[in-house]
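Chain residues, written in single-letter form:
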Amino acid sequence: MYAGAAVIAIVGYLVDLRIGGNAFARAGAVMVAYGALLAGREIYLMERAITRHESRVEKLEAAYLDAARNGQEGSAEDAFSRLAQNLSEFRAARIERVGRMIYAEILILCFGTIIWGFGDLVV
């Protein structure tokens, strides 16, 4: 992700040195679009992951209810324990991943906006 943003900036800078035409400033605009694309992709992937996880949770809930209905106390406790552990692990992983992605996307968007606005003054 960072490498893609760096490549955009470097290529824009080199093209600007070679040809001109404010290519570095335009590379900033491309970086902003790249950051927005990454953010949209992350939202899509997270929604997909949440849907898959909810499906797994529903299966565990069904197993818990079936075990409780049949009077199998040990099975009900196991199913509930797996459900709680699965929910906890998913939330922790999601919070960590989303936090890292948001931080990276904000940096890319800010850096791209600065280049977009002031790139013509650099070259």
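Everything discussed here concerns the structure shown above.
I will try to describe carefully the structure that is included in this document. On a predicted model such as this, the values are computed, not experimentally measured, just so you know. (Residues numbered from 1 in each chain as written. Predicted model: local features only at pLDDT ≥ 70, side-chain atom pairs only at ≥ 80, totals over all residues. Heavy atoms only, no water.)

The next point concerns the nonpolar core. Membership of the largest hydrophobic core is limited to nine residues, which are Ala5, Ile8, Ala9, Phe24, Ala27, Met31, Leu38, Ile108 and Ile115. Every element with two or more residues in this core is listed here: α1 (2-18), α2 (23-69) and α3 (73-122). No other element matches α2, which puts four residues into this core. Here alanine 9 is in contact with Phe24, Met31, Phe111 and Ile115, once residues within four sequence places are set aside. (Core = buried A, V, L, I, M, F, W, Y, C linked by side-chain atoms within 4.5 Å. Buried < 20%, exposed > 50% of the residue type's maximum accessible area, 1.4 Å probe, protein only. Helix = DSSP H or I, 4+ residues; strand = E, 2+ residues; numbered from the N terminus. Contact = heavy atoms within 4.5 Å.)

Moving on, we get to the packing of aromatic side chains. This model, assessed by the stated rule, comprises one aromatic pair. Seen in terms of ring centroids, tyrosine 13 and phenylalanine 24 are 5.4 Å apart; in terms of plane orientation they differ by 80°. Their pairing is edge-to-face. With a gap of 11 residues between them, tyrosine 13 in helix α1 and phenylalanine 24 in helix α2 connect regions that are remote in the sequence. Judged by its relative accessible area of 32%, tyrosine 13 falls in the partly exposed class. (Phe/Tyr/Trp six-rings, centres within 6.5 Å; stacked < 30°, edge-to-face > 60°.)

This next bit is on a positive patch on the surface. Side chains of Arg48, Arg52, Arg56 and Lys59 sit close together on the surface and give a patch of like positive charge. Its place among the elements puts arginine 52 in helix α2. By relative accessible area, which is 44% here, arginine 52 ends up partly exposed. (Patch = residues over 30% accessible without salt bridge, like charges linked within 9 Å, V, L, I, M, F, W, Y side chains within 5 Å. Areas by Shrake-Rupley, 256 points an atom, 1.4 Å probe, with all protein chains shown as cover. Salt bridge = Lys/Arg side-chain N within 4 Å of Asp/Glu carboxyl O. Lys, Arg positive; Asp, Glu negative; His and termini not counted. Charge placed at Lys NZ, Arg CZ, Asp CG, Glu CD.)

What follows covers α1. Taking 1.5 Å per residue, 17 residues should reach 24 Å; α1 reaches 24 Å between its end C-alpha atoms and fits that length. Looking only at α1, the buried set comprises Ala5, Ile8, Ala9, Gly12 and Asp16. Buried residues along α1 cover an arc of 90° about the axis, so they all sit on one side. For α1, exposure combined with an orientation more than 90 degrees from the buried face picks out Ala3, Ile10, Leu17 and Arg18. Positive phi shows up at glycine 20, right after α1, with a value of about 95°. (Expected span 1.5 Å × (residues − 1). Arc of directions from axis to C-beta.)

With respect to the element layout, glutamate 105 can be found in helix α3. For the buried glutamate 105, no salt bridge is present, and the opposite-charge side chain at shortest range is arginine 41, 7.0 Å distant. Sequence-distant contacts of glutamate 105, defined by excluding residues within four places in its chain, comprise Met1, Gly35, Leu38, Ala39 and Glu42.

Looking at where alanine 36 falls in the secondary structure, it is placed in helix α2. In this structure, the C-alpha to C-alpha distance between alanine 36 and glutamate 105, residues 69 residues apart in sequence, is 7.7 Å.

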